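This is what each chain is made of:
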Amino acid sequence: MRTDVKTGLQTVGDSLLMQEGRWDFAQAVDAFDRHVEKSIPFCREGRDYVAKLATFFVRPDSLVYEIGVSTGALAVAVLRRVAGHEFQYVGIDVVPGMVERANSTLSRDPRFSGVIADAVGYNFDQASLFLSYYTLHFIRPQRRAVLMGKIYQALELGGALIMYEKIRAPDARFQDMLTQLYMEFKQGSGFKSEEIINKSKALKGVSEPFTTEENLTLLRHAGFRNTMVIHKAYCFEGYLAVK
Ligand SMILES: C[S@@+](CC[C@H](N)C(=O)[O-])C[C@H]1O[C@@H](n2cnc3c(N)ncnc32)[C@H](O)[C@@H]1O
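Residues numbered from 1 in each chain as written. Predicted model: local features only at pLDDT ≥ 70, side-chain atom pairs only at ≥ 80, totals over all residues.

Caption draft 1: Summary view of the site of the ligand. Around the ligand sit 21 residues in total, of which Gly-68, Ser-70, Leu-74, Ala-119 and Tyr-133 are the nearest. Counting residues per element, the ones that place at least two in the shell around the ligand are α3 (73-81) and β4 (88-93). Of the residues in the shell around the ligand, the class split is 15 nonpolar, three polar and three charged. (Near = placed C-beta within 6 Å. Helix = DSSP H or I, 4+ residues; strand = E, 2+ residues; numbered from the N terminus. Nonpolar A, V, L, I, M, F, W, Y, C, P; charged D, E, K, R; others polar.)

Caption draft 2: How the structure looks around the pairing of strand β9 (residues 226-233). Counting buried residues in β9 gives zero out of eight residues, a small share hidden from the surface. Two strands pair when backbone bridges link them, and β9 and strand β10 (residues 236-242) are joined in this way by seven bridges, in the antiparallel orientation. By the bridge assignment, Asn-226 is partnered in β10 with Val-242. Turn length for the β9-β10 hairpin, with the two strands adjacent in sequence and antiparallel, is two residues, and the turn residue Tyr-234 shows positive phi of about 55°. (Buried ≥ 20, exposed ≤ 12 C-beta atoms within 10 Å, placed from the backbone. Pairing = 2+ DSSP bridges.)

Caption draft 3: Layout of the nonpolar core. Grouped together as the largest cluster of nonpolar side chains are 54 residues, with contacts concentrated most on Ala-75, Val-78, Leu-129 and Phe-130. It is strand β7 (residues 155-168) that contributes the most residues to this core, seven residues altogether. Apart from the residues lying within four places of it in its own chain, the contact partners of Phe-130 are Tyr-65, Ile-67, Ile-151, Leu-155 and Leu-161. (Core = buried A, V, L, I, M, F, W, Y, C linked by C-beta atoms within 7 Å. Contact = placed C-beta atoms within 7 Å.)

Caption draft 4: How the structure looks around the pairing of strand β3 (residues 63-67). Summarising burial for β3: four of the five residues are buried, a large majority. As paired elements, β3 and β4 share five bridges and run parallel to each other. Bridged to Ile-67 within β4 is Ile-92. With α3 bridging β3 and its parallel neighbour β4, the resulting β-α-β unit is right-handed. Taken together, the four bridges between β3 and strand β6 (residues 127-133) define a ladder with parallel strand orientation. (Right-handed = clockwise from strand over helix to strand, strands pointing away.)

Caption draft 5: How the structure looks around the environment of Ile-67. Of note, Ile-67 is situated in strand β3. When the 25 C-beta atoms within 10 Å are taken as the criterion, Ile-67 is described as buried. For the pair Ile-67 and Ile-92, spaced 25 residues apart in sequence, the C-alpha separation works out to 5.3 Å. Beyond its immediate chain neighbours, meaning those up to four positions away, Ile-67 contacts Ile-92, Ala-119, Phe-130, Ser-132 and Thr-135.

So this is what it looks like as structure tokens:
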């Protein structure tokens, strides 16, 4: 099916159907891993890099939170890399189906617990590491700022936030280039032109990426003084912020 005139459902690839402005993670659980890895350049490599970086901040008694755990793919990478420590890894996601999938995948690892919750309203305990892998641009800017403040408050001194985000370019010329390159990347991943257009329609008003400067400002306003860009490819960036 391409577009259902009655429901407005349009194909966005990987057998997923979404309406304009209504991208819905709850409908995407089964196809999620395949879809996200085809949609984000260096998605797997990025998770491995985060896992390696996590070893600087995870000690035997640590508490680690992941905001937007989805099916648990980043958690699997981190828990595998930081083997031998009895730390706790709490993966939060607002979509029950995602958390069920993550809990099932990691059911044999007692360090992991998936929690169904809106991260913005969550009461965090003191933690040594927060991870957010391509999640915050799905949280509206006002709420994003509230969440960032809570993350900073909950982090222990010396603890860190590792945050990867889809980003916007600082001006129209660079945005044109990024958009063009990203479209070509998605075609190279096997998406049809129609699916690429429908996906960007589905994300209207749902995904609200910041520029690099806006992300660094968000971190600074929350209280972070030590920040570094750790990844940059196409319209995707990663940041390390240490308290
Ligand atoms: C792009 S996915 C994250 C991908 C995942 N970290 C990975 O490595 O595969 C974004 C996730 O954030 C979740 N999410 C969006 N808003 C949220 C919120 N306010 N609180 C918790 N989770 C949220 C979505 O349900 C979705 O599963």
